[in-house]
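Okay, here's what each chain looks like letter by letter:
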Amino acid sequence: MLNRLDLRGVTGDLRRILPRPEVDGDGPVAAVREIIDAVRAGGDAALRELTQRFDGCDLPTARVDPAALAAALGSIDDDLRNALVVAHDNIRRYHETQRDEPRHFRNNGMTIDGWMAPVERAGLYVPGGRAIYPSTVLMTAVPARVAGVREIVLCVPPAADGSVPPTTLAAAAIAGVDEVYAVGGAQAIAAMAYGTDTIAPVDVIVGPGNVYVALAKREVAGVVGVPSAFAGPSEVVVIADETTDPDLAAIDVVVQAEHGPHGLAWLITTSVAVADAIDAAIGRAVAAAPRRADIEATLRDGGYVVVVESLARAVDVANAVAPEHLQLMCADPVALLPLVRHAGAIFCGPWSPAAMGDYAAGPSHVLPTNSTARFSSVLSLRDFQKEMHAVTFDRPSFDALAPHVIALADAEGLDAHAQSIRLRVAGARDQRATSAPVRPGVRPDIALMEGYHSPQLAVDVRLNTNESPEPPPAEFTALLADEITRVEWHRYPDRAARELRGALAKHYGVATEQVFAANGSNEVLLNMLLAYGGPGRRAAVFEPTYALHSHIARLAGTEVVEGERGHDFALDLDEVRRVIGTYRPEIVFLCSPNNPTAMVDPPEVVQTVLDLVAPYGGMVIVDEAYGQFAPSSAVSMVADDVPLVVTRTFSKTWSMAAARLGYLIGPSWVVDELDKVALPYHLDVVKQIAGTLALRFDAQMQARVASLVEERGRLETALRDLPVEVWPSGANFILFRPTAKDGAAVWNALLDHSVLVRDCSSWPRLDGCLRVTIGSRQEDDRFLAALKEILT
């Protein structure tokens, strides 16, 4: 029955390769425009003539008597009425969950109140002719009513005798439709868009239809609101494997094909035998179907069975088709969901046929067709609403933004815009001279920022902050306690931290003048930005990476420019060349191992970046907060003639997160400038003593690193046995993405098990990703057990 495509081994852009029916050629477009022009010019008279021409009936008026709706509801049998009521209630309950609460945003005196306001009048189109669609009445009218639309108008093609099916009218009565008109096709769309003496124009038009209806909606978009989806002929893609019942797959292919011509009905499988079995079952189903002619017409032009080498490739093909309905009828449909990018609605497993969604599941069955699922969505409340907002500034918040608005208006040559602000600034200045002082405004760019924080929650297993799972050796703790008893608390600490810097220099084989220490590596980085960044200068980062690099740069007034890492999160040198060549940043941040992806930048990569920035006087900062866990380090590349600094910390390897002690190794001329930037006595005496003592325990710390690396390997192996995507790690943490469930949901479920990991799903390109710190064996086992229970 189906046309056969074998795509095994085929490469290239699938959208160029795959066939699909032509639904918007010049002929239909010209015909639609002619109809629309006729209705605009002739109004009700044109509607009457077009209805007679296309529907074969002469109706003096298109308006259906409102009393006919109640009469139709009373005439249908109880089972059908109950079915309509159940479907109506499911659709209503689902769409009620989409209601947005009013939003209130306040930022240092500026407030923005936002809300969704419904349109006044919505036009619904429900197809007719080949079949009756009371379900479409519910699927369009109920969301409109829940959205708060005041007037709902329904257009439906009349039968040859001029009537509208009672079931359609009964559904309209249940859904609360206000006006029903017996008019169909492009002429109905034109009437609702432009209005006639009988039909008042609407604000939005929704609903599916044939190619002429869909094209007509495109033509009037802009005159009225029309969802961006092309709600045209029906489409389905069924993905099947060896576990699929051929008869079930066959009937679900046929289901959408029976809507009529120009649609799509595709079967995609990895097995020729499965393709043959389902194709034969389709033949049997079509032979027995009452609408055989319509089904055969669709299958002839738009029916395909596609053979591919894997289920992942099957999803690739489905994404290229971007179908209205996608059915995953395979052994593990949920595992394929993360791969789906373009589909109107997805139905998972043998008990979830698209027919359930067509009638009563809850979401609207008005879905994008003709590949518009690549950029549009199912009909929802948003299609009947528009967003409104009210902005209120007080004087301090106005003063904070005024210079920036004036600068932008001047740059665009819009003097009146700038004057609108300048006059108020001048008036406020005069008023302030005679009034009480007002609260000063925060720096405008700071006002727009959010702080950088990670959750600190009371849990049994905390694996979200990359701490060491063990405390320092007991001997270290005893020595530190003894040293503290001899501290001269009434004296300031050594401002230069000479003993600590000397111990670090000896540890790394560099000069003391090449070491700088501060309160955590974050303060080291802040001092670097204060010295070498600032207004008018740029820092480059490559996402996804440690968010604090950008945050600290912006705190120091430095412009941040962003590049992207490769698809595997490794540093893409072509992208590095583009960013550096385009922006010539004063500072380039590298994070190795990268946080949160744990990728390591080998020395040759760092050298390439150095070669790019050195000619114009740029600097490279390699953040090696987790460097001791990695196979390579950039520390050995540090020299006085190289614009490179490497930052590290005592928090991880040395089990001293509580001390907040960090340092850098770099050229002596960099350290000289940092000594100017650092505030007096910034590093307290306890930190200096703790760091100096810790370096005596290098052997014990290296043994701990080896133990954690071994545990990291065990945890990676265990994760790979679960339905998660895992990235290789050179750090004391692992990045992973659940494939069976949403990452944020898994994070919350782990929290319910008193296990805390880092939710990275809001970071650039890390949708659904989580990061787990390597803990003790007992902690890791607790995490794995909880994760396995959640995912399986």
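Structural data are supplied above this passage.
Residues numbered from 1 in each chain as written. Predicted model: local features only at pLDDT ≥ 70, side-chain atom pairs only at ≥ 80, totals over all residues. Heavy atoms only, no water.

Colleague: Where do I start with the overall build of the chain in this structure?
Modeller: Across its full length, the chain carries 28 helices and 26 strands. On the principal axes, the C-alpha backbone points of the chain span a range of 105 × 80 × 50 Å. Residue burial in the chain is summarised as follows: out of 792 residues, 52% are buried. Nonlocal contacts in the chain, meaning residues at least 24 apart in sequence, comprise 75% of its contacts between residues at least 6 apart. Accessible area for the chain stands at about 34,900 Å²; split by element, carbon and sulfur atoms hold 53% of it. Distance between charge centroids for the chain: 5 Å, based on 70 positive and 100 negative side chains. (Helix = DSSP H or I, 4+ residues; strand = E, 2+ residues; numbered from the N terminus. Buried < 20%, exposed > 50% of the residue type's maximum accessible area, 1.4 Å probe, protein only. Contact = heavy atoms within 4.5 Å. Areas by Shrake-Rupley, 256 points an atom, 1.4 Å probe, with all protein chains shown as cover. Lys, Arg positive; Asp, Glu negative; His and termini not counted. Charge placed at Lys NZ, Arg CZ, Asp CG, Glu CD.)

Colleague: Looking at this structure, I do not really get the side chain of E711. What am I missing?
Modeller: Relative to the helices and strands, E711 resides in helix 26 (residues 698-720). You can call E711 buried: its relative accessible area is 8%.

Colleague: What am I meant to see in the sheet that holds strand 5 (residues 151-156) here?
Modeller: Backbone-to-backbone hydrogen bonds join strands into a sheet, with any given pair of strands oriented parallel or antiparallel. The four strands are arranged 6-5-4-7 in an open sheet whose pairing can be described as parallel. The open sheet is flanked by strand 6 (179-182) and strand 7 (204-206), the only strands paired with a single partner. Looking at each pair of strands side by side, their axes are set apart by 20° on average, direction ignored. Alignment of strand 5 against strand 6, held across four bridges, turns out to be parallel. Paired with V156 across the bridge in strand 6 is A182. (Pairing = 2+ DSSP bridges. Axes fitted to C-alpha atoms, helices over the stretch in contact; angles between N-to-C directions.)

Colleague: I would appreciate a short explanation of a negative patch on the surface in the present structure.
Modeller: A surface patch of negative charge is lined by E513, D640, D641 and D672. The residue D672 is located in helix 24 (residues 668-677) in this model. (Patch = residues over 30% accessible without salt bridge, like charges linked within 9 Å, V, L, I, M, F, W, Y side chains within 5 Å. Salt bridge = Lys/Arg side-chain N within 4 Å of Asp/Glu carboxyl O.)

Colleague: Just to check I follow, could you spell out the environment of H389 for this structure?
Modeller: Its place among the elements puts H389 in strand 13 (residues 385-392). For the pair H389 and A731, spaced 342 residues apart in the sequence, the C-alpha separation amounts to 46 Å. Residues within four places of H389 in sequence aside, it is in contact with I112, D113, G114 and W115.

Colleague: Even after reading the chapter, I still don't get the packing of aromatic side chains, so can you show me in this structure?
Modeller: Two aromatic rings, taken as a pair, are described by how far apart their centres are and by the angle between their planes. For the structure shown, the criterion picks out nine aromatic pairs. Measuring from ring centre to ring centre gives 4.2 Å for Y492 and Y681, while their planes differ by 10°; the resulting arrangement is stacked. Residue Y492 is found in the loop between helix 18 (474-484) and helix 19 (498-508), and its partner Y681 is found in the loop between helix 24 and helix 25 (685-694); the two are separated by 189 residues along the sequence. The partly exposed category is assigned to Y681, whose relative accessible area is 36%. One residue, R40, lies across the ring of Y194, its end atom 4.1 Å from the ring centre. Over the face of the ring belonging to F733 we find R771, whose NZ or CZ atom lies 5.4 Å from the ring centre. (Phe/Tyr/Trp six-rings, centres within 6.5 Å; stacked < 30°, edge-to-face > 60°. Lys NZ or Arg CZ within 6 Å of the ring centre and 35° of its normal.)

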